Amino acid sequence: MTVTTPTKVFADRIGRIEVSATMAVAAEAAKLRAQGVNLVDFGAGEPHFPTPRHIKDAAIAAIDANFTRYTVVPGIPDVRKAIVERHATDFGSDYGLNEAIFTTGGKLALFNTIQVLVDHGDEVILPVPYWVSFKDIIQYAGGKVVFLETSEAESFRITADAIEKAITPRTKAIILNSPSNPAGSVVSAEDLERIVHLAHERGIYLLLDECYVYLNYAGKPVSGGSYTWAKEHIVVLGSLSKTYAMTGWRAGFALASKSVVANLSKLQSQSTSNATSFVQKAAIAALTSSQECVSEFRAEFIDLRDYMLARLAEIPNITCTKPEGAFYVYPNISAYLGKGGIKTATEMATRLLHEAHVVAVPGEAFGTREHIRISYPVTKQNIDEGTRRMKEFLTKLV
Ligand SMILES: Cc1ncc(COP(=O)(O)O)c(C=O)c1O
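Residues numbered from 1 in each chain as written. Predicted model: local features only at pLDDT ≥ 70, side-chain atom pairs only at ≥ 80, totals over all residues. Heavy atoms only, no water.

### Thoughts on the overall build of the protein chain
So the rule is basically this: Elements are defined by DSSP. Helices are runs of H or I of four residues or more, strands are runs of E of two residues or more, and each kind is numbered from the N terminus. For the radius of gyration, the atoms used are the C-alpha atoms, and the globule rule reads 2.2 Å times the number of residues raised to 0.38. Residue burial is assigned from relative accessible area. The probe radius is 1.4 Å, only protein chains are included, and a residue is buried under 20% of its type maximum, exposed over 50%, and partly exposed in between. Residues count as neighbours in contact if any of their non-hydrogen atoms are within 4.5 Å of one another. Residue-level accessible areas treat just the shown protein chains as cover; the underlying method is Shrake-Rupley with a 1.4 Å probe. Note on charges: Lys and Arg go in the positive column, Asp and Glu in the negative column, and His and the chain ends are not counted at all. Charge positions come from single atoms, namely NZ of Lys, CZ of Arg, CG of Asp or CD of Glu.
What the protein chain contains, in helices and strands, is 13 helices and 12 strands. Compactness check: the protein chain gives a C-alpha radius of gyration of 21 Å against a globular reference of 21 Å for 398 residues, within 12% of the reference. Considering only C-alpha atoms, the protein chain reaches an extent of 60 × 60 × 55 Å along its principal axes. Classification of the 398 residues of the protein chain by burial places 55% in the buried group. Sequence separation of at least 24 residues holds for 75% of the intrachain contacts in the protein chain that already meet a minimum separation of 6. Counting only carbon and sulfur atoms, one obtains 53% of the accessible surface of the protein chain, whose full area is about 17,300 Å². Of note, the protein chain has its 41 positive side-chain charges centred 4 Å away from the centre of its 42 negative side-chain charges.

### Description of the site of the ligand
Rules: A single heavy atom is enough: if one lies within 4 Å of a molecule or strand, its residue is considered near that molecule or strand. Residues adjacent in sequence count toward polar contacts only when both atoms are side-chain atoms; beyond that, a polar contact is any pair of N or O atoms within 3.5 Å, and within protein one must be able to donate a hydrogen and the other to accept it. Charged residues are taken to be Asp, Glu, Lys and Arg, nonpolar residues to be Ala, Val, Leu, Ile, Met, Phe, Trp, Tyr, Cys and Pro, and polar residues to be all remaining types, Gly included.
In the vicinity of the ligand, 13 residues are found, and the nearest of them are Gly106, Asp209, Ser239, Ser241 and Lys242. Between an oxygen atom of the ligand and a side-chain N or O atom of serine 241, the distance comes to 2.6 Å. Protein chains bury 91% of the 400 Å² of accessible surface belonging to the ligand in isolation. The class makeup of the residues in the shell around the ligand is 3 nonpolar, 6 polar and 4 charged.

### A look at the sheet that holds strand S12 (residues 372-375)
Quick note on the threshold: A pair of strands is labelled paired if DSSP reports no fewer than 2 bridges between them.
Strand order across the open sheet formed by 3 strands is S9-S12-S11, with antiparallel pairing between neighbours. Two strands close off the open sheet at either side, each with one partner strand: strand S9 (328-329) and strand S11 (361-362). Relative to S12, S9 is paired through 2 bridges, and the arrangement is antiparallel. Along S12, the bridge assignment pairs tyrosine 328 with serine 375.

See below:
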């Protein structure tokens, strides 16, 4: 009998992705913190507020009532009702209960959607700069990422014209994340409508990552999900993480046509099964109670954005677009590249971490080379201290 030795251990698909850069930065920062280093953390992509009391209470009550067993895979009807009604009230969409699925975080909704729709060789259009995970999730599925460059001079704006030029016969999907992580750019309502038309008419799926949809500072939040006539080709990817300060709870969802949701549910049935039962109850409380906390968070983020931009403006030769949403700024640090032996944004982030004790994520993680991402949900004292350290570090570089 011949015994064959496997030539490789790990599947090709795991080799196609990297550890999420934001998570890698967080791990490096945690190591330094454990050594007693006092860091100013502009790395974390999460609100600094605690989860509102009424949401926590709903989870505690659910646990006390022993709501701790398996539920149906796409989430109990009440959580799906809460999701579709919230979206209908805020954006005029008309999803039914079997067009909604509750997931263990918005990232999983995205991951599963790509798995369900994208085959080997399919092209997915991804505007740059992009949130780190989009690229890897597409590659994991075997898809080909078609990077769509945007212009910093135009605040990284994504236009329908640019999307149209990037479409080929192999385009399977387009990802839009508005407001975006990392640059906070917003797709205008006019462009969004034209993109929905383009996608629908050509049978291309439009994946709308609405993680920051309520953190739109440019005007009234809009959702592509409100174009009900194009439902067949639209997948709304939602998250409670940023809207309700619930990052650790892992609560997200997808809204899409029945057939897409049925396939998402099929995949979920063979992986995580239902998202945590009592988190579903917390999500119902978040989505159906007063939305005052959302407006309060939003107002505070606008104030912090302006404060952060003002402090950054005090650092010579740093330029920064004004984000119209989300809670990051994406300053251009190119004036400092080539100084002090720092050649890349990654080297800049590493030196800032180890020498200035400021945590930031390098632009390479988002597809650009001359930026770092700074997350501003921190106290104003931390903004003062972090930007002071950055200024001191950068202005000493020769
Ligand atoms: C653009 C974008 N989409 C999705 C997510 C995922 O959010 P979650 O999985 O916490 O719901 C994030 C988190 O940082 C994000 O920035």
